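Spelled out, the chains give:
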Amino acid sequence: MYKKELRQKYKALRRELSLEEIENNSLSIANKLLQLDVWDRLYFHLFLTIEEQKEINTEFILQILAGKDKEIVVAKTDFNSIQMTHFLLTDNTKFKKNEYNIPEPVDGIEVPVSKIDVVFVPLLAFDTKGNRVGYGKGFYDKFLSQCQPETIKIGLSFFEAEEEIIDVYTDDIRLDYCVTPNKIYDF
């Protein structure tokens with residue numbers, strides 16, 4: 001399928017999810033993440049849930065990271081430049097939702113992209129080759145292209161892989177893993 005079709009399909013599928021399904025599936029994904037061999041790394045970039053889009057509740061992952069004493073990095077987006085600025089999550093971090101209901105840090109200690117070891121990547125759909133479909137703005141493709149080659153990219157999805165995304169571009173960045181409530185995909 002084409003990205004545009006996949007966006008429509010998976011937005012519709014997400015809308016059908018109940019709050020209980022979102023919570024249960026989010027917890028299953030967090031538990032599956034514990035099976036990955038990534039926990040020796042230090043800097044973990046985590047997206048914060050857009051509840052209005054029925055995204056995965058990343059609070060469970062946040063608790064795992066905090067329990068393992070990891071440095072947690074969160075982003076603030078600039079829709080004019082399609083850039084993300086990355087901040088260390090601390091006890092003093094204050095959040096404000098932007099115009100797209102994305103919770104973002106107001107300010108804080110900026111973390112250079114070169115320090116980030118693992119990125120949890122939001123997505124709408126993905127395929128069996130590790131290609132992903134996001135909301136289409138390009139924030140994550142730009143961000144992931146700036147990461148170190150050894151940075152581990154982990155997609156999180158409520159749904160299983162599509163066979164193939166037809167319109168993959170050369171500058172699209174593939175995932176290393178994608179975790180669903182039922183399976184870990186290793187690309």
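**Q** Let's hear about the pairing of strand 6 (residues 118-121): which residues, and what values?
**A** Residues Val118 and Phe120 of strand 6 are buried on one face, and the alternating residues Val119 and Val121, pointing to the opposite face, are buried as well. As judged from the two bridges shared by strand 1 (residues 43-45) and strand 6, these two strands associate in the parallel manner. Residue pairing in the sheet places His45 in a bridge with Val119 of strand 6. For strand 6 and strand 9 (residues 152-156), the ladder comprises four bridges, and the chain directions are parallel. When the bridges of strand 9 are listed, Val121 appears paired with Gly155.

**Q** Describe helix 1 (residues 3-15), with residues and values.
**A** An ideal rise of 1.5 Å per residue puts 18 Å on 13 residues; helix 1 measures up with 18 Å between its terminal C-alpha atoms. Burial in helix 1 covers these residues: Lys3, Leu6, Tyr10 and Arg14. Along helix 1, the residues classed as buried sweep out an arc of 60 degrees about the axis, all on the same side. Of the residues in helix 1, the exposed ones pointing more than 90 degrees away from the buried face are Lys4, Gln8 and Arg15.

Criteria and thresholds
Residues numbered from 1 in each chain as written. Predicted model: local features only at pLDDT ≥ 70, side-chain atom pairs only at ≥ 80, totals over all residues. Heavy atoms only, no water. Buried < 20%, exposed > 50% of the residue type's maximum accessible area, 1.4 Å probe, protein only. Helix = DSSP H or I, 4+ residues; strand = E, 2+ residues; numbered from the N terminus. Pairing = 2+ DSSP bridges. Expected span 1.5 Å × (residues − 1). Arc of directions from axis to C-beta.

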